[in-house]
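# Coordinates in review
Residue-level listing of the chains:
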Amino acid sequence: MPFIPHTNEELKQMLTDMGETHVAALFDEIPADLLNDRLEAIPEGVSEMRLKRLLTEQLADEKMPLCFIGAGAYEHHIPSAVWQVASRGEFLTAYTPYQAEASQGTLQLLYEYQTMMASLMGMDVSNASLYEGASALAEAILMAVRVHKGQRKRVIIPRSLHPYYWDTVKTIVSEQKIECVPCDFDPQAGVTDLGALSQLSDENLAAVVIPQPNFFGCLEPVDEMTDWAHQKNALAIACVNPMAMALLKEPGQWGSADGEIDREANTRLEIGADIACGEGQPLGVPLNSGGPYFGFLTCRQKFVRQMPGRLIGQTTDLDGCVGYTLTLQAREQHIRRSKATSNICTNQGLLVTAATIYMSLMGPVGLRQVAGVSHTQTKKLVDRLIEIDGVERVFDRPFFHECVLRLPRDVDEVLRGMSLDGIQAGLSLKDYFPELGDCLLVCVTETKTDQDLDVFVDGFCRWLG
Amino acid sequence: MLIFQRSVEGRVALGQWVDGDLDLSDLPEAGLRQTKAVLPEVSELQVVRHYTGLSQRNFGIDTHFYPLGSCTMKYNPRGVHEMAMQPQWLSRHPLSAVDDHQSFLKILFELQQYLSDITGMPGVSLTPMAGSQGEFVGVAMIKAYHDANNDTERTEMIVPTAAHGTNPASAVMCGYTVKEIPTGSDGNIDVDQLREMVGPKTAGIMLTNPSTLGIFSRRIKDVSAIIHEAGGLLYYDGANLNAILGKVRPGDMGFDVMHLNLHKTFATPHGGGGPGAGPVAVADRLKPYLPIPTVVFENEKYRWTTKNDSPDSIGRLSCFMGNAAILLRAYLYIRLLGRKGLTRVADFATLNANYIMKRLQQAGFECAFPDRRASHEFVISFKKEKKQWGVSAMDIAKRLLDYGCHAPTTYFPLSIPECFLIEPTETESKQELDHFIDALIKIRGESETDPELVKTSPHTCVVKRLDDVKAVRELNLTWKPTIND
């Protein structure tokens, strides 16, 4: 009731104008046995004032621990300006910009976003976003299969990829009979075993997925994997943390053999991944229990017509002035229906609005600094923790702002103990990789001070003790 | 002007600079980035002013009447947004221990119960992130059900020609062949033709009711009987739930599975194209296949379900818990309206649509189905106007922008030429509706006396009519410093 503006007088007037006496008459085409005004599980409505009070009482139970969990969602500082501007009603309450002339704000912002994201990845083009990282990877895989005109339906995916990305990809792509082939990681290195990769069959191979960093935080041999994919005429799909790309080599530069002749295949190897996708959350989006986040998808120009999702293009108006509009819509479900590149209808516009404002505030240098400080703080913490008796790094490859440690006692007990101190000390890997034993995936961002690290180390010593 | 054109090399928003010496000695030199990303180098004020300026170049519900058919652009309560932006919610990591966050899980658990009540279906999973993902999930569950019964010959999904484009696209994503069924001249699905179409290959049907034509299919129970007798299942596209909220439950109509668009029916912000949320609800026989995670209450505690709890689940759809904070907003909206408020939504959404339709009919406009009631939306066609004065539905849509109304959905459904799909929603006042009706009448007058005025509109927006053909031909998707400056 609270948002229906009609007065009784207006209601009467409207009914009179329509030649009706009751609202109920408007439902007379619905079979009477279907009409049912009963909602039993739903409580009576409350005012905004009362609901806020109820919520405040509930929120008192919600703890706000010091968070050292990463594993696909990262707590970075978000400048106040990001959500204050993104929450403006004109951004918040607009919809997909079908009427371009009345949506230039959203459209220009998305064009700026496409530019920033494509450049951060070193790729030619970006779409206007997908739902989130894992489903974006699934869409990237479907796209790679389309590039091969559906003739190749096998995809190699490292086991070092986030296990929930694996699950999501399987749910989405297996309905189209695409085979996901796992590739093992080297148990010492914590990255894809290139020997194991080379043993895998390249028959019907559409793509190789290359995570950077991988689930363990380790840096994958991206150059070798990209070259291998290209030698097999498969696409290289980068699945990356965008924050990491401010510091690490971007997917567009992966591969070591630009222009080199591959003697075996007698082809020129191209540099760079073909598609780069991932989770955009680290760029100005709060943790928020897992969503809404946004997935990003970028690619080389030549694959743009196989891309799913919205694309914004620059054009001109009747007077020749520059403007922006949805473009290449002939790929999409509302035009192509059953022949569309994807069933996707929405993007995550609001989150992209926040990310665009965030990237503008940080700039190229500021973003690199955030990535660098996050990594430096992680290294500091790891260096101190491995001095504790029995605590060791599990993998020897370099990592980016997230690292796996083996503990000398039950990891879940340690986490429960740390939680009593108000610290979420990381993610136990027992449910994800039981073969690794008592392992902890720990992540530090720029939001953690040296004092926070002291508190962590103190607590850790006590609970391990 | 683009943000990049405000950039000056070396400028940094110092208020956001993170102090700290970097130690990158452990990272291999060859693995580091050598190029500078094209991000602007601007001050904080420049950023705030630039994006505030861009926001002012948008129509939104907060600024304009926005009767976009099939999208339910109702008021998004500000209180809900504020309550959902509390730091306790924002800072909650998706993988944090459930013991620390029982009240958040309780909210999701209750939302599952509310949606079950509203849909008349016992099983709910909140994880799909949009209507289209809900559709994919629904069809995947239908497939899982047939597969579990070794009923693998069912390869066809029936979809009305008037359906949302996402329906056939989602069916194809699950490996089905789409069979289209036309709509009769009364706006109903052709039941006789349906009877001939079904058979041992029928996996199911995807329907909205009221349909995309804004009409309630009276013979829905016959449709459900035909499909079920043929061994198929019925999918309900919840895009139009606002029309029957709290009045008719899709479960009672005989549907086996459906999605809800929380960003439509439950007023969560559309955000310039997303985020949405598309939870699915199912009948008992599909419960084992619901996507994970869902929330259960056991031993006085709320927790997430995993593959161990539901081994037959079609699986996971996103890394974490879908668009969790959108679910929270929908919950708060339901609490504000309560059970009485929710049923009044359908009353007034239907009243507003029928009022506009009747008044436009009285003014001589051509409704697609003049003998039928409108649901929460209806279709009018400008075929006559196009023929007489050469003014198309698109021209009229653009001219509406000059009158301060966002245009309705144009050229959908595809089966009606030169059409608008108009959905005013329940939160618009009589004054707004009258203004819209008057604007359409005036524009029709202009179409007769000065068609060029309409054909070259809009005239008052920040840009004139944009060239969509050029956007495709001269594809320009990113700004490049050398070309554009």
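No experiment lies behind these values; they were computed from the predicted model shown.

## Some remarks on the overall build of chain A
In terms of helices and strands, chain A carries 13 helices and 17 strands. With respect to the three principal axes, the spread of C-alpha positions in chain A is 80 × 60 × 50 Å. Evaluated residue by residue, chain A yields a buried proportion of 66% over its 465 residues. At a minimum sequence separation of 6, the contacts of chain A that also span at least 24 residues come to 72%. With an accessible surface of roughly 15700 Å², chain A has 48% of that area assigned to carbon and sulfur atoms. Considering chain A, the positive charge centre built from 39 side chains and the negative charge centre built from 62 side chains are found 4 Å apart.

## With respect to the domain arrangement of chain B
Under the domain assignment, chain B is made up of domain 1 (3-21 + 30-55), domain 2 (80-336) and domain 3 (343-470). Computed from C-alpha atoms alone, the centre-to-centre distance between domain 1 of chain B and domain 2 of chain B is 42 Å.

## Regarding the interface of chain A and chain B
In this assembly, 179 residues from chain A lie in contact with 200 residues from chain B. Here chain A meets chain B over a buried area of about 16800 Å², counting both sides, of which 61% is carbon and sulfur. The largest per-residue losses of area from chain A upon contact with chain B belong to Glu29, Glu101 and Arg337 of chain A, which jointly make up 5% of the total buried on that side. Where chain A meets chain B, there are twelve salt bridges. A salt bridge links arginine 373 of chain B to aspartate 28 of chain A; the nearest nitrogen and oxygen atoms lie 3.0 Å apart. The interface formed by chain A and chain B holds 94 residue pairs in polar contact (both at pLDDT 80 or more) in total. Taken together, the residues of the side of chain A that touches chain B sort by class into 90 nonpolar, 57 polar and 32 charged.

## Notes on the packing of helix α5 (residues 131-148) of chain B against helix α6 (residues 166-173) of chain B
Residues and elements named next belong to chain B. Viewed as axis vectors pointing N to C, α5 and α6 meet at an angle of 45°, and their least axial separation amounts to 9 Å. By the angle between their axes, α5 is oblique relative to α6. Judged by the twist between their axes, the crossing of α5 over α6 is right-handed. Here α5 contributes Ser132, Glu135, Phe136 and Val139 to the contact with α6, which in turn contributes Thr166, Asn167, Ser170, Ala171 and Met173. Considering only residue class, the contact of α5 with α6 consists of four nonpolar, four polar and one charged.

## Let's talk about the pairing of strand β9 (residues 301-304) of chain B
On a regular strand, each side chain points to the face opposite its neighbour's, so the side chains alternate between the two faces of the sheet. Residues and elements named next belong to chain B. Burial of β9 is one-sided: the residues Tyr302 and Trp304 facing one way are buried, the residues Lys301 and Arg303 facing the other way are not. Pairing of strand β8 (residues 295-298) with β9, which is carried by four bridges, proceeds in the antiparallel orientation. In the strand pairing of β9, glutamate 298 is matched with lysine 301.

## Comments concerning the pattern of salt bridges
All names here are of chain B. Applying the stated criterion to the full structure yields 56 salt bridges over all chains. The salt bridge involving lysine 247 is made with aspartate 347; its shortest N-O contact spans 3.1 Å. Residue lysine 247 is found in the loop between β5 (233-238) and α9 (250-253), and its partner aspartate 347 is found in helix α11 (residues 324-362); the two are separated by 100 residues along the sequence. The residues lysine 247 and aspartate 347 share a single accessibility class, namely buried.

## Overview of the sheet that holds strand β6 (residues 235-240) of chain A
Residue and element names in this part refer to chain A. The seven strands lie next to each other as β2-β10-β9-β6-β5-β3-β4, forming an open sheet whose pairing is mixed. What marks the edges here is a single partner per strand, and that holds for β2 (125-126) and β4 (179-183). Looking at chain direction, strand β3 (residues 154-158) and β4 are connected through five bridges and run parallel. In the strand pairing of β4, arginine 154 is matched with glutamate 179.

## Description of the sheet that holds strand β16 (residues 427-428) of chain A
Residue and element names in this part refer to chain A. A sheet is described by the order of its strands in space; here four strands give the open sequence β13-β14-β17-β16, paired in antiparallel fashion. Looking at which strands have only one partner, the edges of the open sheet turn out to be β13 (392-393) and β16. Here strand β14 (residues 402-406) pairs with strand β17 (residues 439-443) via five bridges, running antiparallel. Bridging from a neighbouring strand, valine 404 pairs with leucine 441 of β17. Along the sheet, helix α11 (residues 349-385) contacts β13, β14 and β17; its crossing angle with β14, the most-contacted strand, is approximately 10°.

## What about the packing of α11 of chain A against helix α1 (residues 44-55) of chain B?
Direction vectors running N to C along α11 of chain A and α1 of chain B enclose 155°, while the axes themselves pass 9 Å from each other. Here α11 of chain A is positioned roughly antiparallel relative to α1 of chain B, judged by the angle of their axes. Helix-helix and strand crossings are classified by hand; for α11 of chain A and α1 of chain B the assignment is right-handed. Taken together, the residues of α1 of chain B that come into contact with α11 of chain A (itself represented by Thr356, Ile357, Ser360 and Leu361 of chain A) are Glu44, Val47 and Tyr51 of chain B.

## Description of helix α1 (residues 8-18) of chain A
For α1 of chain A, every residue scored as buried is listed here: Glu10, Leu11, Met14, Leu15 and Met18 of chain A. Buried residues of α1 of chain A, viewed axially, fall in a sector of 135°; they line one side. When the buried face of α1 of chain A is taken as reference, the exposed residues oriented beyond 90 degrees from it are Asn8, Glu9, Lys12 and Thr16 of chain A. Structurally, α1 of chain A contributes buried residues whose contacts are with α11 and α14 (430-449) of chain B. Downstream of α1 of chain A by one or two residues, glycine 19 of chain A has phi in the positive range, about 75°.

## A word on the packing of aromatic side chains
For the structure on display, the rule yields 26 aromatic pairs over all chains. Centroid distance phenylalanine 4 of chain B to tryptophan 479 of chain B: 5.0 Å. Interplanar angle 5°. Geometry classified as stacked. You can see phenylalanine 4 of chain B sitting in the segment before α1 and its partner tryptophan 479 of chain B sitting in the loop between α16 (468-473) and α17 (481-484), a full 475 residues away along the chain. We classify tryptophan 479 of chain B as buried; its relative accessible area is 7%. Put simply, the rings of Tyr164, Phe185, Phe215, Phe216, Phe395, Tyr432 and Phe433 of chain A touch in pairs and so form one group of aromatic residues. Stacked on the ring of phenylalanine 27 of chain A, the Lys or Arg lysine 247 of chain B has its end atom at 5.0 Å from the ring centre. Sitting over the ring of tyrosine 164 of chain A, arginine 316 of chain B keeps its end group 3.5 Å from the ring centre.

What counts as what
All residue numbers refer to position in the chain's written sequence, counted from 1. As they are written, the chains are lettered A onward and the ligands numbered 1 onward, keeping that order. Two thresholds apply to this predicted model, a pLDDT of at least 70 for residue-level local features and 80 or more for giving and counting side-chain atom pairs, whereas whole-chain, interface and lining totals are computed over all residues. By convention in this description, side-chain values take in all heavy atoms of the structure and omit both hydrogens and water. Each helix is a run of H or I in the DSSP string that is no shorter than four residues. Each strand is a run of E no shorter than two, and both are numbered from the N terminus. Buried, partly exposed and exposed residues are distinguished by accessible area as a fraction of the type maximum, computed with a 1.4 Å probe on protein chains only: under 20%, between the cut-offs, and over 50%, respectively. Whether two residues are in contact is decided by their heavy atoms: any pair within 4.5 Å suffices. Values of accessible area rely on a 1.4 Å probe in the Shrake-Rupley scheme; residue burial ignores everything except the protein chains shown. Only four residue types enter the charge count, namely Lys and Arg as positive and Asp and Glu as negative; His and the chain termini do not. For charged residues, the charge sits on one atom: NZ in Lys, CZ in Arg, CG in Asp, CD in Glu. The source of the domain bounds is an automatic or database domain assignment. Two parts placed together each lose some accessible area under a 1.4 Å probe, and adding up what both lose gives the buried area. Definition used for salt bridges: Asp or Glu carboxyl oxygen within 4 Å of a side-chain nitrogen of Lys or Arg. In protein, a polar contact means a hydrogen-donor-capable atom and an acceptor-capable atom, both N or O and within 3.5 Å, with residues adjacent in sequence counting only if both atoms are side-chain atoms; elsewhere, any N or O pair within 3.5 Å suffices. Following the grouping adopted for this structure description, the nonpolar residues are Ala, Val, Leu, Ile, Met, Phe, Trp, Tyr, Cys and Pro, the charged ones are Asp, Glu, Lys and Arg, and the polar ones are all others, Gly among them. To obtain each axis, a line is fitted to C-alpha atoms, and for helices this fit is confined to the stretch in contact; angles are then taken between N-to-C directions over 0 to 180 degrees. When an angle is under 35 degrees it counts as roughly parallel; over 145 it counts as roughly antiparallel; between 65 and 115 it counts as roughly perpendicular; any other value is oblique. Handedness of a crossing is defined here by the sense of rotation of the near helix relative to the far one, left-handed for an anticlockwise turn of less than a right angle and right-handed for a clockwise turn. Each pair of strands is called paired provided DSSP finds at least two bridges between the two strands. Throughout, the arc means the angular range of directions from the helix axis out to the C-beta atoms. Planes of paired rings set the category: under 30 degrees apart is stacked, over 60 is edge-to-face and the rest tilted, where pairs are Phe, Tyr or Trp rings (Trp by its six-membered ring) whose centres lie within 6.5 Å. Criterion for a charge above a ring: Lys NZ or Arg CZ within 6 Å of the ring centre, and within 35 degrees of the ring normal.

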